[in-house]
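Overview (structure and organization)
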Amino acid sequence: MNLASLKRAAQRLLPSGGWYVIAIPYLWLLLFFLIPFLIVLKISFANIALAMPPVEPVFVWTQEQILQIRLHFSNFGFVFGDSLYIEAFLTSVRIAGVSTLLALLLGYPMAYGIARAPSGWRNVLFLLVVLPFFTSFLLRVYAWLGLLGRSGPLNGLLLHLGLIHEPLQLLQTDFAVYVGMVYSYLPFMILPLYSAIEKLDLNLLEAAADLGCRPAQVFFKITLPLTKEGIFAGCLLVFIPAVGEYVIPALLGGPDTLMIGRVVWDEFFANRDWPVASALAIVLLVLLAGLVLLLQRIQAREEAT
Amino acid sequence: MNERRSLVVLSAMVFGFAFLYLPILAMMVYSFNASRLVTVWDSVNSPTIAWYRELFDNTALLDAARLSFQIATTNATGAVILGTLAAYALDRYRLFKGRGAFNVLTTAPMVLPEVITGLSLLLLFVALEQTVGWPRGRGAVTITIAHITFSMAYVIVIVKARLATVDRSIEEAALDLGARPWKVFAVITLPLIASAIASGWVLAFILSWDDLVITSFVSGPSSTTLPQLVFSKVRLGISPDINALATILVLLVTTCVASAGIYMVRAERRRLRDAQMAFEDGV
């Protein structure tokens, strides 16, 4: 066997370069993203134990070499049976929903203004929207601790204007959580809206106006439907991280602002109940996946008609 | 434009940008306040740089910052390597088994709540330690692995978008002239997507540098990153040295992002000019 045929044989046996390009990131994601999920799913069916890790094994080899699978549905029963958890889910959805709506109401005219600004201004304004995204999320939330405090500038201003007579309790309320959410996720809302509005064909708006549409009608009949995709994308980008948010309710919310991210955190770190934390994570995941699929289906149906 | 509508747009912009920037500016101003009661301005002794001086004497904080920097650098490099490979695989190999699943796996980490990512990775590390004995305990290594896993998704988005705009005929010409595939990638594709890789690196660095939730799940008792230290402190309320720290970090990041932006605009302009020249030479 000569050298060339040996080399060919080796090439046949060893995977080609393209194989590695796909396999390396694929294996990484399988190991560090997919398998962890399966473990969460497994632990959500386990029993809590006084050990490290604090769970009983799910798969057990008995002495007769039989694989015994011990699934406990009690964690899910616990999650759905306790009004605390149900309430945490409802609170999360409510707070994320209201925050998304507020971000949309503020973000839409801002995106509109940026997209319609003179071209020299547009890049600067765009950068100003993106910039907060790069500065520490934690520190930006922290900034509101000072602003909303009893002796903070917002209360100071309201007192000075004579609108209130004693400082309001702004921190540790749902109001503070809404402010923190909109503040943190506004850029996520503006970016897709901006690209949708920028693509808008101005001739259509002019045509509608020429044909006698009032400005409000032009907006609701043409601008809004044509930028629907941007609205969808922006709302998803705000709603999804907001539902599972931990830092904002932990810093700005009160003891009764029970959001699900915070409950998972507390179950895990404070109560060391890994099975219930896992069960909560699974329920949250199913909730989010269901929501995304539902929205995709609505969007697909609208496109079909 | 209609008068009333432009008024709505204008007031939303003024309010919106004030809303985005006033809290940061207020924090910066308060960092020079001498009073320990952060929001009560001590007009006699202010402005002062006392809190900045205190910051640089705080060894726990400096250690945490060093650890965060190390993790963020390693993470950004790892995320860029894996992310570029994945983006290349998705852009160039249209047909391979499990491509659909791969596509989902590459985008899912971006939309997943951080508590779930953190919890699942910790459970994996615990299970791995029990079965294969690696990684021993949790610390910088597990934090870095966790960060690479979620930040590579962002690199993939950026690099994939750039790969889609690369003119394939140049690569094909090189292949026709006998260059090996990896050489084509190194000599032609890589320089073309270099600026996207650079911005992916910066983004991955910042995501890691900022992360609190995932880090808290996968870190050990001996490893405290800067966000963890800041969080444990601000949970107890506002403190003047955190204002000083925030001011430094915000200014640092602003400088970095602004220079990266300018660099990218220049690179883009140069790319267009080169393309134009090549076209004119051809004609």
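Given the structure is predicted, the values throughout are model-derived calculations rather than measurements.

**Overview of the overall build of chain B**
Within chain B, the secondary structure is distributed over 11 helices and 0 strands. Helices (α) and strands (β) of chain B occur, in sequence order from the N terminus, as α-α-α-α-α-α-α-α-α-α-α. At 24 Å, chain B has a C-alpha radius of gyration far larger than the 19 Å of a compact globule built from 283 residues. If one aligns the C-alpha atoms of chain B with their principal axes, the spans along those axes are about 75 × 65 × 40 Å. Counting the 283 residues in chain B, one finds 49% classified as buried. Considering only intrachain contacts with a sequence separation of at least 6, the fraction spanning at least 24 residues in chain B is 68%. For chain B, the computed accessible surface area is about 14,300 Å², with 66% contributed by carbon and sulfur atoms.

**Let's talk about the domain arrangement of chain A**
For chain A, the assigned domains are domain 1 (16–69) and domain 2 (82–272). Centre-to-centre separation of domain 1 of chain A and domain 2 of chain A, based on C-alpha positions: 38 Å.

**A look at the nonpolar core**
Membership of the largest hydrophobic core comes to 176 residues, with the highest contact counts inside it found for Leu280 of chain A together with Phe17 and Leu226 of chain B. Per element, the largest residue contribution to this core is 15 residues, and it comes from helix α3 (residues 59–92) of chain B. Looking at which domains feed residues into this core, each of domain 1 (16–69) and domain 2 (82–272) of chain A supplies at least three. Residue contacts for leucine 280 of chain A: discarding those within four places in its chain leaves Val79, Tyr85, Phe89, Ile260, Val263, Val264 and Glu267 of chain A.

**Concerning the interface of chain A and chain B**
Taken together, the contacts link 73 residues of chain A with 77 residues of chain B. Carbon and sulfur atoms make up 84% of the surface buried where chain A meets chain B, a total of about 6,900 Å² over both sides. One can count 0 salt bridges joining chain A with chain B. Along the contact surface separating chain A from chain B lie 7 residue pairs in polar contact (both at pLDDT 80 or more).

**Some points on the packing of helix α4 (residues 83–115) of chain A against helix α11 (residues 228–243) of chain A**
Residues and elements named next belong to chain A. At a minimum axis separation of 9 Å, α4 and α11 run at an interaxial angle of 140°. One way to sum up the angle between α4 and α11 is to call them oblique. Crossing hand, α4 versus α11: right-handed. Side by side, α4 and α11 meet where Ser92, Val93, Ala96, Gly97, Thr100, Leu104 and Tyr108 of the first sit next to Ile231, Cys235, Val238, Phe239, Ala242 and Val243 of the second. Split into classes, the residues belonging to the contact of α4 with α11 amount to 10 nonpolar, 3 polar and no charged.

**Quick notes on the pattern of salt bridges**
Residue and element names in this part refer to chain B. If you walk through the whole model with that rule in mind, you get 8 salt bridges over all chains. Note that arginine 92 and glutamate 171 form a salt bridge whose closest N and O atoms lie 2.6 Å from each other. With arginine 92 in helix α3 and glutamate 171 in helix α7 (residues 168–176), this pair connects stretches of sequence that are 79 residues apart. The same class applies to arginine 92 and to glutamate 171, which are both buried. The partner of arginine 138 in a salt bridge is glutamate 129, with the nearest N and O atoms 3.8 Å apart. Classification of glutamate 129 as partly exposed rests on a relative accessible area of 27%. One network of salt bridges, with partners in common, ties together Asp91, Arg92, Arg94 and Glu171.

**Considering helix α10 (residues 215–226) of chain A**
Here α10 of chain A spans 15 Å end to end across 12 residues, near enough to the 16 Å set by a 1.5 Å rise per residue. On its buried face, α10 of chain A sits against α4 and α9 (202–210) of chain A.

**Overview of the environment of histidine 147 of chain B**
All names here are of chain B. Within the secondary structure layout, histidine 147 lies in helix α6 (residues 140–165). For histidine 147, a relative accessible area of 1% translates into the label buried. Spatially, the C-alpha atom of histidine 147 lies 9.4 Å from that of phenylalanine 205, the residues being 58 residues apart in sequence. Excluding its chain neighbours within four sequence positions, the residues that come into contact with histidine 147 are Ile71, Asn75, Ser208, Asp211 and Thr215.

**Things to note about the packing of α4 of chain A against helix α13 (residues 260–269) of chain A**
Residue and element names in this part refer to chain A. Two elements in contact, α4 and α13, have axes separated by 8 Å at closest approach and are oriented at 140°. Taken together, the axis directions place α4 and α13 in an arrangement best described as oblique. Touching Tyr85, Ala88, Phe89 and Ser92 of α4 are Ile260, Val263 and Glu267, all from α13. A class-by-class count of the residues in the contact of α4 with α13 yields 5 nonpolar, 1 polar and 1 charged.

**Observations regarding unusual backbone geometry**
One can expect most non-glycine residues to show negative phi and most peptide bonds to be in trans. The omega torsion of the bond from tryptophan 134 of chain B to proline 135 of chain B falls at -5°, within 30 degrees of zero and hence cis. Secondary-structure assignment places proline 135 of chain B in the loop between α5 (114–131) and α6. Even without being glycine, glutamine 172 of chain A reaches a positive phi, approximately 60°. Among the structural elements, glutamine 172 of chain A can be located in the loop between α7 (153–160) and α8 (174–198). One non-glycine residue, arginine 272 of chain A, lies in the positive phi region at around 50°. Of note, arginine 272 of chain A is situated in the loop between α13 and α14 (274–304). Residue classification places arginine 272 of chain A among the partly exposed residues on the basis of a relative accessible area of 39%.

**Topic: a nonpolar patch on the surface**
Residues and elements named next belong to chain A. Among the surface-exposed residues, Phe59, Leu67, Ile69, Leu71 and Phe73 lie close enough to one another that they form a single nonpolar patch of about 500 Å² accessible area. The residue phenylalanine 73 is located in the loop between β2 (67–69) and α3 (74–81) in this model. Residue classification places phenylalanine 73 among the exposed positions, given a relative accessible area of 55%.

Cut-offs used in this document
Residues numbered from 1 in each chain as written. Chains lettered and ligands numbered in written order. Predicted model: local features only at pLDDT ≥ 70, side-chain atom pairs only at ≥ 80, totals over all residues. Heavy atoms only, no water. Helix = DSSP H or I, 4+ residues; strand = E, 2+ residues; numbered from the N terminus. Rg over C-alpha atoms; globule rule 2.2 N^0.38 Å. Buried < 20%, exposed > 50% of the residue type's maximum accessible area, 1.4 Å probe, protein only. Contact = heavy atoms within 4.5 Å. Areas by Shrake-Rupley, 256 points an atom, 1.4 Å probe, with all protein chains shown as cover. Domains from an automatic or database assignment. Core = buried A, V, L, I, M, F, W, Y, C linked by side-chain atoms within 4.5 Å. Buried area = accessible area lost by both parts, 1.4 Å probe. Salt bridge = Lys/Arg side-chain N within 4 Å of Asp/Glu carboxyl O. Polar contact = N/O pair within 3.5 Å; in protein donor to acceptor, adjacent residues only side chain to side chain. Axes fitted to C-alpha atoms, helices over the stretch in contact; angles between N-to-C directions. Parallel < 35°, antiparallel > 145°, perpendicular 65-115°, else oblique. Left-handed = near helix turned anticlockwise from the far one by under 90°. Nonpolar A, V, L, I, M, F, W, Y, C, P; charged D, E, K, R; others polar. Expected span 1.5 Å × (residues − 1). Patch = residues over 30% accessible without salt bridge, like charges linked within 9 Å, V, L, I, M, F, W, Y side chains within 5 Å.

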